[in-house]
Amino acid sequence: MHSRPDRRGRPCFEGLLICGAGVAGPSHAVFRPGRSIAAAGAAAAAASSAAATTAAQRRPRGGEVQIITFGVENLDEQLLERCWEWRGGGSKIQFPDDDLQAALNRSAPDVGIVDVLVDARCFPDPEAMQYCKHTGHHYGIITRICQHRNFGRWLNSVRARIGEAAAVSAARGDAGPAGPSLTIGVYCRSGKHRSVAAAIILQHVLCRDGWDCRDPRHLSAPRWSSCCKGQCSECRNPSQEVQKQLQDTLDKMAPPRFDLSPGPLCLAGKPSACSGMLRWWPAGARPL
């Protein structure tokens, strides 16, 4: 930075001033010809205040998630009829999100608007017949989904969609002081195996990503038949194997598209213990 007199002979400065680490706001201020140090300092302070305001607007914190599960053949009569008419039934038919939301409005109106609908039918596993008498709570089903060839791509897609839904919620003004409250719907054919296991996995992942995630709600549970309904000892008391598998899954995850402050890992089925906080930004935006 150098000085030179103005037209009245007063010293003025020109150049770049690097501020100390203890100064709040921008780490530098630009001094233009004819500008006093006081004026440049005031401009830097204004820029700092504007930057802080922008940061507060772009990165709200917190958020709650409710996960629901259902089966396209075990929720609503209209969906079931369409599955019967489709070659391949409920395993193959593709439903627009609007049709699934309409079915949820008919069968479970208290659920409200679902922000993200997730298809868990992308984990075909014909060798898992030994688990048919159980629900997706069983450690064997959870482990096989985590190890499935489609799992990594599926999980990355779901996490990205949740981030976009959170940004949309914040832009709408739906977010309260603690952040947005999102509802995620996970579905498969019967709503008994893949959707249940995927929801449990997703609950652990979202806790790791900083969300306060409640226990999943299984809408098709009243129609579960020919199985333990999640009440056998193997389903009710997860072994150390499933805990290890979930930990391995979390360790291998790519960094989320969120700016996260540290929080404890929730692996005990108690999402209330997860106090990590979440900050997000819309797709394509750069973090401050």
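As a reminder, the structure under discussion sits directly above these lines.
The rules we used
- Residues numbered from 1 in each chain as written.
- Predicted model: local features only at pLDDT ≥ 70, side-chain atom pairs only at ≥ 80, totals over all residues.
- Heavy atoms only, no water.
- Helix = DSSP H or I, 4+ residues; strand = E, 2+ residues; numbered from the N terminus.
- Expected span 1.5 Å × (residues − 1).
- Buried < 20%, exposed > 50% of the residue type's maximum accessible area, 1.4 Å probe, protein only.
- Arc of directions from axis to C-beta.
- Contact = heavy atoms within 4.5 Å.
- Axes fitted to C-alpha atoms, helices over the stretch in contact; angles between N-to-C directions.
- Parallel < 35°, antiparallel > 145°, perpendicular 65-115°, else oblique.
- Left-handed = near helix turned anticlockwise from the far one by under 90°.
- Nonpolar A, V, L, I, M, F, W, Y, C, P; charged D, E, K, R; others polar.
- Phe/Tyr/Trp six-rings, centres within 6.5 Å; stacked < 30°, edge-to-face > 60°.
- Salt bridge = Lys/Arg side-chain N within 4 Å of Asp/Glu carboxyl O.

### Re helix α8 (residues 240-252)
Here α8 contains 13 residues, and its C-alpha end-to-end distance of 18 Å stays within 8% of the 18 Å for a straight helix at 1.5 Å per residue. Those residues of α8 that sit buried are Val242, Gln245, Leu246, Thr249 and Leu250. Angularly, the buried residues of α8 cover 135° about the axis, an arc narrow enough to put them on a single face. Among the exposed residues of α8, those pointing more than 90 degrees away from its buried face are Gln240, Lys244 and Lys252. Where the residues of α8 are buried, they touch α4 (139-146), α5 (151-172) and α6 (194-208).

### A word on the packing of α6 against α8
Packing of α6 against α8 leaves a shortest axis separation of 11 Å and a crossing angle of 50°. In terms of orientation, α6 lies oblique with respect to α8. Handedness of the crossing formed by α6 with α8: right-handed. Residues Ile201, His204, Val205 and Arg208 of α6 pack against Leu246, Leu250 and Asp251 of α8. Its residues assigned to classes, the contact of α6 with α8 comprises four nonpolar, one polar and two charged.

### What about the packing of aromatic side chains?
A full pass over the atoms with the stated rule returns four aromatic pairs. Here Phe123 and Trp154 contribute two aromatic rings whose centre-to-centre distance is 5.3 Å and whose plane-to-plane angle is 75°, an arrangement assigned as edge-to-face. Of the two residues, Phe123 is situated in the loop between β5 (116-119) and α4 and Trp154 in helix α5; the sequence distance between them amounts to 31 residues. Here the aromatic residues Phe123, Phe151 and Trp154 are joined through ring pairs into a cluster of three or more.

### Details of the environment of Asp248
With respect to the secondary-structure elements, Asp248 resides in helix α8. For the pair Asp248 and Cys146, spaced 102 residues apart in sequence, the C-alpha to C-alpha distance is 9.2 Å.

### What about the pattern of salt bridges?
Scanning the model with the defined rule gives nine salt bridges in all. Residues Arg82 and Asp99 are paired through a salt bridge, measuring 2.9 Å at the closest nitrogen-oxygen approach. Placement of Arg82 in helix α2 (residues 77-85) and of Asp99 in helix α3 (residues 97-107) is noted, with a sequence separation of 17 residues between them. Of the residues examined, Asp99 reaches a relative accessible area of 25% and is grouped as partly exposed. The shortest N-O distance in the salt bridge between Arg121 and Asp119 comes to 2.9 Å.

### Quick notes on α5
When the terminal C-alpha atoms of α5 are compared, their 31 Å separation across 22 residues agrees well with the 32 Å that a helix rising 1.5 Å per residue should span. Among the residues of α5, those classed as buried are Phe151, Trp154, Leu155, Val158, Arg159, Ala160, Ile162, Gly163, Ala165, Ala166, Ala167 and Ser169. Its buried side turned inward, α5 meets β5, α4, β6 (181-188), α6 and α8.

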